[in-house]
Amino acid sequence: MKRLALAMRKYLAAAAVGLAVAASLVAISELGYHRSRNALDSLGSVRALQKSADQLGGALRAAESAQRGYLLTGDDFYLQQFEAESTRASAGLTHVKQALMSVPDADVSLSGLESTIATKMSEMSLAVHLRSKGHLDALEFVTSSDVGRTQMSTIAQLLDRLDQTTERLVSDSQAQIRTAQDYSRVGLTLAAFTGLLAFLLYLRRSHQLEQSVVKTNAALQQERERLEDLVRERTRNLRELATHLQQVREVDRAKLARELHDELGALLTSAKLSMARLKPKLPKDDDTIPPLMATLTDTLNQVIALKRNIIEDLRPSSLDNFGLLTALDILAREFQERSGVTVETNIEPATLDANAQLSLYRMVQESLTNVAKYAQAKQVYIGLRVYRQHVELTVKDDGVGFDQSVTQPKSHGLAGMRHRVESLGGRLDIQSAPGKGTTVFAAFPAAQRPPPAPEPAAQPAKPDAPDVA
Ligand SMILES: Nc1ncnc2c1ncn2[C@@H]1O[C@H](COP(=O)(O)OP(=O)(O)OP(=O)(O)O)[C@@H](O)[C@H]1O
Ligand SMILES: [Mg+2]
């Protein structure tokens, strides 16, 4: 949380600095732009002023030349030229005045120039008028004076001063443009360096981020591996525990079967012997005794049969006595008799250790129990195929089948089968669908490890005494 707050503060500070730098760069650039724009505008106005002043000076000189030509020759051509240049000079003066208004920095007063030009123009117009009216004396008087020349030189001086002013303004504008260019250069250089700095910071930051992602991924990977190891370890423990429980169960069942056989069997045998000894000693004339004795004998026989079934169920003696092939055949035959379902078998003899044989027997037993409980089947097939490397067990029925995606929380039969097969190093495959029957298929290596050293209690039950109990 603290690290997050610190990182947030860093980001905000960096963003603030970035914004400030960007704002300064924009301000510098805008300042340079406006300065150069103003300088260019004022340069244009100054150029217009210069041009108007040049036109004015040219028009005045041309008017003076035309006036002289007329005074000397009296030719109307000069008169017309004089009038045209006079008009041009007036227009030039107006242009100069207008141009000067758009150059506020000029600081030039036109009043002197205006009045001198007006005087000069009137003097020239008067001389022309006198010449045109033929008043040559008066004309000589006017032209003999130095006034015209003086006025012309005053005008030239004033125009020169105006020219100097415009030159100064031009160089001021140029200086402004250069300053603006300098601003732009500084701005661009700063922008380039800031961009470079930002890029370097970005590279550094992304490198740091990459490093931290790599570190986090490595830590995650380590944690994942640790958890996977833990899961593997726990799964192995659970599997070992389940195997142990299954073995303990088989041992307990065998022990119980043996005790039932030894203890209960002995008691029942003793009861039968006592009955046999009692029979000749009973009075012959009592008619009620023979039926009672027959019922007693029958009950004793039923108890003996029940004991045998329980023992067989607890620990299949057929497996120990006759081997897997016969035990499975007996199991199939008894199932068919009990349930009425036709059982077809194809069981090949297999040399397997006791543990594998018992597992196979239990799997067929559980499969047949399931068929009886759920399948409503007409036919069941039990197949045991023995190959060089492995053994395959198939129990297939043509019953109602079931949906394998629906899990039954309190069902352990199929899970137990899977566990048995996996602890033999094999795999279990169940194929079923509603209406399609069920096939339980198990495959496991033919060469089994030697079974765990049998405990005394795990010894198979002795075969029942067939005739007595
Ligand atoms: N041959 C079969 N035909 C139809 N349904 C079956 C068959 N075998 C198993 N099933 C279905 O699969 C479920 C799981 O069977 P499983 O043997 O694991 O448990 P169970 O028989 O219900 O209980 P448990 O075997 O623990 O006493 C059954 O409840 C049943 O719905
Ligand atoms: Mg079951």
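Once a new chain begins, its residue numbering starts again from 1 and follows that chain's sequence as written. Following the order in which they are written, the chains are lettered starting with A and the ligands numbered starting with 1. The predicted origin of the model limits local features to residues at a pLDDT of at least 70 and limits the giving and counting of side-chain atom pairs to 80 or more, whereas totals for whole chains, interfaces and linings rest on all residues. The basis for every side-chain value is the complete set of heavy atoms in the structure, and neither hydrogens nor water enter the calculation.

J.: How do you make sense of helix α5 (residues 147-278) when you look at a structure like this?
T.: Structural remark: α-helix, 3.6 residues per turn; residues separated by three or four positions point the same way. Runs of E in the DSSP output that reach at least two residues are strands. Runs of H or I that reach at least four are helices, and both are numbered from the N terminus. To estimate the expected span of a helix, count its residues, drop one, and scale the result by 1.5 Å. Under the 1.5 Å per step criterion, the end-to-end length of α5 is 187 Å for 132 residues, consistent within 8% with the ideal 196 Å. Along α5, the largest kink reaches about 30° and is centred on Gly-265. The angle separating two fitted axes, one through the seven residues that finish at a residue and one through the seven that start at it, defines the bend at that residue.

J.: What exactly am I supposed to notice about the pairing of strand β5 (residues 438-445) here?
T.: Taken residue by residue, a regular strand's side chains alternate between the two faces of the sheet. Three labels apply to residues, based on accessible area from a 1.4 Å probe with only protein chains included: buried if under 20% of the type maximum, exposed if over 50%, partly exposed otherwise in between. Of all eight residues that make up β5, seven are buried, and the element is covered over most of its length. Sheet topology note: the strand β3 (residues 390-397)/β5 ladder contains eight bridges and is antiparallel. Within the sheet, the bridge partner assigned to Glu-392 lies in β5 and is Ala-443. A strand pair is defined by DSSP finding two or more bridges across the two strands. In this sheet, β5 lies alongside strand β4 (residues 427-432) in antiparallel orientation, the contact comprising six bridges. Within β5, the residue paired with Ile-430 across the bridge is Val-440. Where β4 folds back on β5, the antiparallel hairpin that results is connected by five residues, among which Gly-435 adopts a positive phi of roughly 80°.

J.: Sorry, what's going on with the pattern of salt bridges here?
T.: Think of it this way: side chains of opposite charge can pair up when their charged atoms draw near. Salt bridges are identified by distance alone: a Lys or Arg side-chain nitrogen within 4 Å of an Asp or Glu carboxyl oxygen. Per the stated rule, a full pass over the model turns up 14 salt bridges. Between Asp-229 and Arg-232 there is a salt bridge, with its nearest N and O atoms 2.7 Å apart. Separated by three residues within a single helix, Asp-229 and Arg-232 lie in helix α5, roughly one turn from each other. Accessibility expressed as a relative area gives 52% for Arg-232, which makes it exposed. What emerges from the salt-bridge pattern is a single network uniting Glu-64, Arg-68, Lys-120 and Glu-123.

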